[in-house]
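Structural characterization, general
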Amino acid sequence: MPVARPETSDSRIIAHVDMDCFYVQVEQRKQPHLRGQPTAVVQYNSWKGGGLIAVGYEARKDGVKRSMRGDEAKKVCPQIQLVQVPVARGKADLTIYRNAGSEVVSILARKGRSSVHGLMKYTLTSLMLLRQC
């Protein structure tokens, strides 16, 4: 029968960091006037206003969902700010989002050994909270 042992200071901690609406928060950091505004990020394909790939919390309150197209989101939330993913050579340029994601992982890594498994959604709010640790 196994015997319970007290945990030591080097115990392993597993944390799932689900950072929702990451692209929106990257854009809000880049464009501060978007903070507090209903905002969504749309893919570079502009058909029917582009597909929403990230929806901020303010827009969600008004019923905007990630499965919508930009035109539909504007009907549900006329004041929504739609920000298009940057484009380079005819394709989505995700550099700004990748760099911000690397920032988050770097901060997490400062607190100990860290690894990223699977898909993570990053949020800059969490990044700011982590900096306070």
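Sequence positions are assigned chain by chain, starting from 1 and proceeding in written order. The predicted origin of the model limits local features to residues at a pLDDT of at least 70 and limits the giving and counting of side-chain atom pairs to 80 or more, whereas totals for whole chains, interfaces and linings rest on all residues. Excluded from the side-chain calculations are hydrogens and water; all other atoms, namely the structure's heavy atoms, are used.

Description of the nonpolar core
Put simply, the rule is: Put simply, buried Ala, Val, Leu, Ile, Met, Phe, Trp, Tyr and Cys residues joined by side-chain atoms within 4.5 Å make one nonpolar core. Buried residues are those whose accessible area, probed at 1.4 Å on protein chains only, stays under 20% of the maximum for their type, while exposed residues exceed 50% and partly exposed ones sit between those limits. Numbered from the N terminus, helices here are DSSP runs of H or I no shorter than four residues, and strands are runs of E no shorter than two. Residue contacts follow a heavy-atom distance rule, with two residues in contact if any of their heavy atoms lie within 4.5 Å.
Of all hydrophobic cores here, the largest spans 10 residues; its members are Ala40, Val42, Leu52, Val55, Ala59, Val64, Met68, Ala73, Cys77 and Ile80. Among the secondary structure elements, those contributing two or more residues to this core are β1 (39-42) and β2 (52-55). Setting aside its immediate chain neighbours within four residues, Ala73 contacts Leu52, Val64, Met68 and Ile80. Val24, Val41, Ala54 and Tyr97 belong to the second largest nonpolar core, which has 9 residues in total.

Overview of the sheet that holds β1
Stated precisely, the cut-off is as follows: Two strands are said to pair when DSSP picks up at least two bridges between them. A fitted line through C-alpha atoms serves as each axis, taken over the contacting stretch for helices, and the angle formed by two N-to-C directions is quoted from 0 to 180°.
Read from one edge to the other, the open sheet built from 3 strands follows the order β2-β1-β3, with strand pairing classed as mixed. Bordering the open sheet on either side are β2 and β3 (81-84), each of which pairs with just one other strand. Direction aside, neighbouring strands of the sheet carry axes that sit 30° apart on average. Bridge count between β1 and β3: 4 bridges; the pairing is parallel. Its bridge partner being in β3, Val42 is matched across the sheet by Gln84. Strands in contact with helix α1 (residues 22-30) are β1, β2 and β3; relative to β1, the strand with the most contacts, it is inclined by about 110°.

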